[in-house]
Amino acid sequence: MPNTVETNETKIMNTYKRFPLTLVRGKGSNVWDDEGKKYLDYSSGIATCNLGHVPSMVKEKINEQFESLWHCSNLYHIPNQEKLASLLTKNSLFDQVFFCNSGAEANEAAIKIAKKYAKDQGNPERVEIVTFKQSFHGRTGITMAATGQEKIHQGFTPLTPGFRYLPYNDVATLKEVNNGKTTAVLLELIQGEGGVFPATKNWIKELEKVCKENDILLMLDEVQTGMGRTGTLFAHEQYGIEPDVITLAKGLGSGFPIGAMLAKASVAQSFQPGTHGSTFGGNPMSTSAGVATVEFLTQNDFLAEVQEKSAWLRVELEKLEQSHQVIEEVRGLGLLIGIQLCEEAGTWINRLRNQGILVLAAGANVLRVLPPLTTTKDELEYFVEVFQGLLSETEGMTS
Ligand SMILES: *Cc1c(COP(=O)(O)O)cnc(C)c1O
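Per-chain numbering applies: the sequence of each chain, read as written, is numbered from 1 onward. Thresholds applied to this predicted model are a pLDDT of at least 70 for local features of residues and 80 or more for the giving and counting of side-chain atom pairs; totals over whole chains, interfaces and linings are not thresholded and use all residues. Remark: hydrogens and water are excluded; side-chain values derive from all non-hydrogen atoms of the structure.

A.B. asks: A description of the nonpolar core should follow, citing residues and the corresponding values.
C.D. replies: Buried Ala, Val, Leu, Ile, Met, Phe, Trp, Tyr and Cys residues that are joined via side-chain atoms within 4.5 Å together make up what is termed a nonpolar core. For the exposure calls, accessible area comes from a 1.4 Å probe over protein chains only, and a residue counts as buried if that area is under 20% of its type's maximum, exposed if over 50%, partly exposed in between. In this structure, Leu88, Leu187, Leu207, Leu367, Phe383 and Phe387 are the most contacted members of the largest nonpolar core, which totals 77 residues. If you look at the next biggest cluster of nonpolar residues, it comprises 23 residues, including Ala109, Ile113, Ala146 and Val245.

The structure is reproduced here in structure tokens:
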């Protein structure tokens, strides 16, 4: 075999195609590169910096904790962890929380508890979990298997068994959810990485019905849709459903690594000492960030303002869709927005970046726009103006 490996300066494994940009500072909706150029960051670290960069309320809490204790293991009581669990359960329909460090780990915890729950209920034959095509649940061994995308599985067989992938938003195949071996379904209410596809209300309602009738756990991966991203603290509030389990990560620590799995008491009791754990999960630092983040998000009127801003942006983007051929569709909920283009999303990411605006892709032709929830109306107007300018420019004289 010829050695085709290119010599490369970096000692970092090549798992990411990186933009030619080095960010060194951030404040609010802005970031600055190593040459001092300022950008409007409408990628928010992939829906993670929901309160903008270095939000002062979170910074204060972290600084306070930083002075007193960094780590002490889960063999002792951790006040910030207790406080964050109280805040999360007070603001949701769940009873208990397990803390970890990432979205994948939160989903691992959900998958584990679903299997254990079946056994505790006297249903040891229930070992399968239904997930959906085009989903994304993480990169670890088990969450990769849970993810319904072949390109994520490529090269990593044999996969962890026990997952069945059904088509998303398809009522006709819901009868396949219960095959006598299913303990849970796990899904995103908006498929984020898969192209920003929101679940339809009707399908979700029908799916919930199948789950409740057959004692199958309804588990939602709210890693991207949670923490105010869609205009409510959790996306499921807008669907009028009652999940048994949800998972959180991205926005939960405003940029500090933290994940969580929330469950109703009937399910939560399946985790007992020795069944699951994490060295860093829920440590004093990350949970201090989590406490400040949830306190900020649940302040009076904050989420109502997010809804107002996102409704305004949606109308403006739909106007652009009407007047510019390159936009096929605008999708999403709140400030989790997908703009389906009939061109490569990458071209548009570069064009916007050259104008000082950072956005992402979700699949080949979908621009994913994720403003911080704290973004101002002026910034939103600026974004629309620049995007519109580029759309008109590239259409030349034909528009
Ligand atoms: C980002 C993401 C994950 C994985 O989170 P990590 O913190 O990268 O492990 C899982 N599910 C969804 C829906 C995500 O958006």
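A.B. asks: Break down unusual backbone geometry for me, with residues and values.
C.D. replies: Cis geometry is adopted by the peptide bond preceding Pro158, which originates at Thr157 and carries an omega value of 0°. Working definition: helices are DSSP H or I runs of at least four residues, strands are E runs of at least two. Numbering for both runs from the N terminus. Relative to the helices and strands, Pro158 is located in the loop between helix H6 (150-153) and strand E6 (163-166). Phi at Ser44 takes a positive value of approximately 50°, unusual for a residue other than glycine. For Ser44, the position within the fold is in helix H1 (residues 44-47). A positive phi angle is found at Val54, which is not glycine, with a value near 45°.

A.B. asks: Quick rundown of the site of the ligand? Include the residues and the values.
C.D. replies: Near residues are defined by distance, with any heavy atom within 4 Å of the molecule or strand qualifying the residue. The ligand sits among Ser102, Gly103, Ala104, Asn107, Phe136, His137, Glu188, Glu193, Asp221, Val223, Gln224 and Lys250. Two N or O atoms form a polar contact when they lie within 3.5 Å of each other; inside protein one atom must be a possible hydrogen donor and the other a possible acceptor, and for residues adjacent in sequence the pair counts only when both atoms belong to side chains. One of the backbone N or O atoms of Phe136 is found 3.3 Å from a nitrogen atom in the ligand. Within the side chain of Asp221, a nitrogen or oxygen atom sits 2.7 Å from a nitrogen atom of the ligand.

A.B. asks: Give me the lowdown on the packing of helix H2 (residues 56-68) against helix H9 (residues 284-297), citing residues and values where you can.
C.D. replies: Relative to each other, H2 and H9 sit at 150°, their axes nearing to 8 Å. With respect to H9, the axis of H2 lies roughly antiparallel. Here H2 and H9 pass one another in a crossing that is right-handed. Residues Met57, Val58, Lys61, Ile62, Gln65 and Phe66 of H2 lie in contact with H9, whose contacting residues are Pro284, Met285, Ser288, Ala289, Val291, Ala292, Thr293, Glu295 and Phe296. Tallied by class, the residues present in the contact of H2 with H9 amount to ten nonpolar, three polar and two charged. To define axes, lines are fitted to C-alpha atoms, for helices over the stretch in contact only, and angles between the resulting N-to-C directions are given on a 0 to 180 degree scale. Roughly parallel refers to an angle under 35 degrees, roughly antiparallel to one over 145, roughly perpendicular to one between 65 and 115, and oblique to any angle outside these ranges. Put simply, a crossing is left-handed when the front helix is turned counterclockwise from the back one by less than a right angle, and right-handed when it is turned clockwise. We call two residues contacting when some pair of their heavy atoms lies within 4.5 Å. Residues are grouped as follows: Ala, Val, Leu, Ile, Met, Phe, Trp, Tyr, Cys and Pro are nonpolar; Asp, Glu, Lys and Arg are charged; every other residue, Gly included, is polar.

A.B. asks: Report on the environment of Leu21, specifying residues and quantitative values.
C.D. replies: Residue placement: Leu21 occurs in the segment before strand E1 (23-27). On the basis of relative accessibility, which here comes to 22%, the residue Leu21 falls in the partly exposed class. The residues touching Leu21, leaving out its near neighbours within four places in the chain, are Asp33, Tyr39, Arg353 and Leu358.

A.B. asks: Give a description of the pattern of salt bridges that names residues and reports values.
C.D. replies: Between Lys or Arg on one side and Asp or Glu on the other, a salt bridge is scored when a side-chain nitrogen of the former is within 4 Å of a carboxyl oxygen of the latter. The full count for this structure, using the stated rule, is twelve salt bridges. Here Lys61 makes a salt bridge to Glu295, at a shortest N to O gap of 3.1 Å. Of this pair, Lys61 sits in helix H2 while Glu295 sits in helix H9; the two residues are 234 residues apart in sequence, bridging distant segments of the chain. With a closest N to O distance of 3.9 Å, Lys209 and Glu206 form a salt bridge.

A.B. asks: Explain the packing of aromatic side chains to me, and be specific about the residues and the numbers.
C.D. replies: Two aromatic rings from Phe, Tyr or Trp, using only the six-membered ring of Trp, form a pair when their centres are within 6.5 Å; if the ring planes differ by under 30 degrees the pair is stacked, by over 60 it is edge-to-face, and anything between is tilted. In this structure the tally under the stated criterion is nine aromatic pairs. Measuring from ring centre to ring centre gives 5.1 Å for Phe66 and Trp70, while their planes differ by 20°; the resulting arrangement is stacked. With relative accessibility at 43%, the residue Phe66 sits in the partly exposed group. We classify Trp70 as exposed; its relative accessible area is 53%. Ring pairs connect the aromatic residues Tyr42, Trp348, Phe383 and Phe387, which therefore count as one cluster.

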